[in-house]
Amino acid sequence: MKNDLVQVAKLGKSVGLKGYLKLHNLSDFFEQFKRGAKFFDINQKIYTIKDFDQNKSLVLFENYENLDLAKTLTNTMLYQTKEFTKQNCILEKDEYFYFDIIGCEIIEDDKKIGIVEDILENGIGFLFLVKSEDELIKQSLAKKFYIPYVDKYIQKIDIENKKIFTKYALELLENS
């Protein structure tokens, strides 16, 4: 099941005496944090939200309703299943989940040039971190390079087949 989990939040310090914790949202879907929602830690222990103050980003979990119990959760990473995420987090047109993009092959002119390893957010958008194909590395090209997630470079994303079709990405690699 661990491969099916997506990191969505980190719990911060306890606040007050009733067991509330600061919730640091690591996802783009704040609406998933609501009363009754269930989340997991890395060991698949379930945590159910009893109360959530969206304005202050404070969360209270069932069975952790006092300061001492809440403190035991500080720095806990919360996870959600990919299936739950896909069902409950609505995407806009041309938006994708990170976990769907990571692992996609980068294809340019019918040639595989790499695989997306990570996605970085910068001030103006997103960058795909791509691990170059071995045959390109053997040609003294960079082992890794970045492709901006903009129309100039990204022509089509095919999540079903785990492929991203690009233009000018090979040029980015050659100049890396």
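The structure under discussion appears in the preceding block.
This structure is a prediction, so every number in the text was calculated from the model and none was measured. (Residues numbered from 1 in each chain as written. Predicted model: local features only at pLDDT ≥ 70, side-chain atom pairs only at ≥ 80, totals over all residues. Heavy atoms only, no water.)

Caption draft 1: Representation of the overall build of the protein chain in the model. From N to C terminus, the protein chain includes 5 helices and 12 strands. Taking 176 residues into account, the globule formula puts the C-alpha radius of gyration at 16 Å, and the protein chain, at 20 Å, lies well above it. By principal-axis analysis of the C-alpha atoms, the protein chain measures approximately 60 × 30 × 30 Å. Taken across its 176 residues, the protein chain has 39% of its residues classed as buried. Considering only contacts within the protein chain whose residues lie at least 6 apart along the sequence, 48% involve residues at least 24 apart. (Helix = DSSP H or I, 4+ residues; strand = E, 2+ residues; numbered from the N terminus. Rg over C-alpha atoms; globule rule 2.2 N^0.38 Å. Buried < 20%, exposed > 50% of the residue type's maximum accessible area, 1.4 Å probe, protein only. Contact = heavy atoms within 4.5 Å.)

Caption draft 2: Representation of a negative patch on the surface. On the surface, a cluster of negative charge is contributed by Asp-28, Glu-92, Glu-95 and Glu-121. Positionally, Asp-28 belongs in the loop between β2 (20–25) and β3 (38–40). (Patch = residues over 30% accessible without salt bridge, like charges linked within 9 Å, V, L, I, M, F, W, Y side chains within 5 Å. Areas by Shrake-Rupley, 256 points an atom, 1.4 Å probe, with all protein chains shown as cover. Salt bridge = Lys/Arg side-chain N within 4 Å of Asp/Glu carboxyl O. Lys, Arg positive; Asp, Glu negative; His and termini not counted. Charge placed at Lys NZ, Arg CZ, Asp CG, Glu CD.)

Caption draft 3: Representation of the side chain of Thr-81. Here Thr-81 is to be found in strand β6 (residues 77–81). At 3.0 Å, the side chain of Thr-81 and the backbone nitrogen of Phe-84 are in polar contact. (Polar contact = N/O pair within 3.5 Å; in protein donor to acceptor, adjacent residues only side chain to side chain.)

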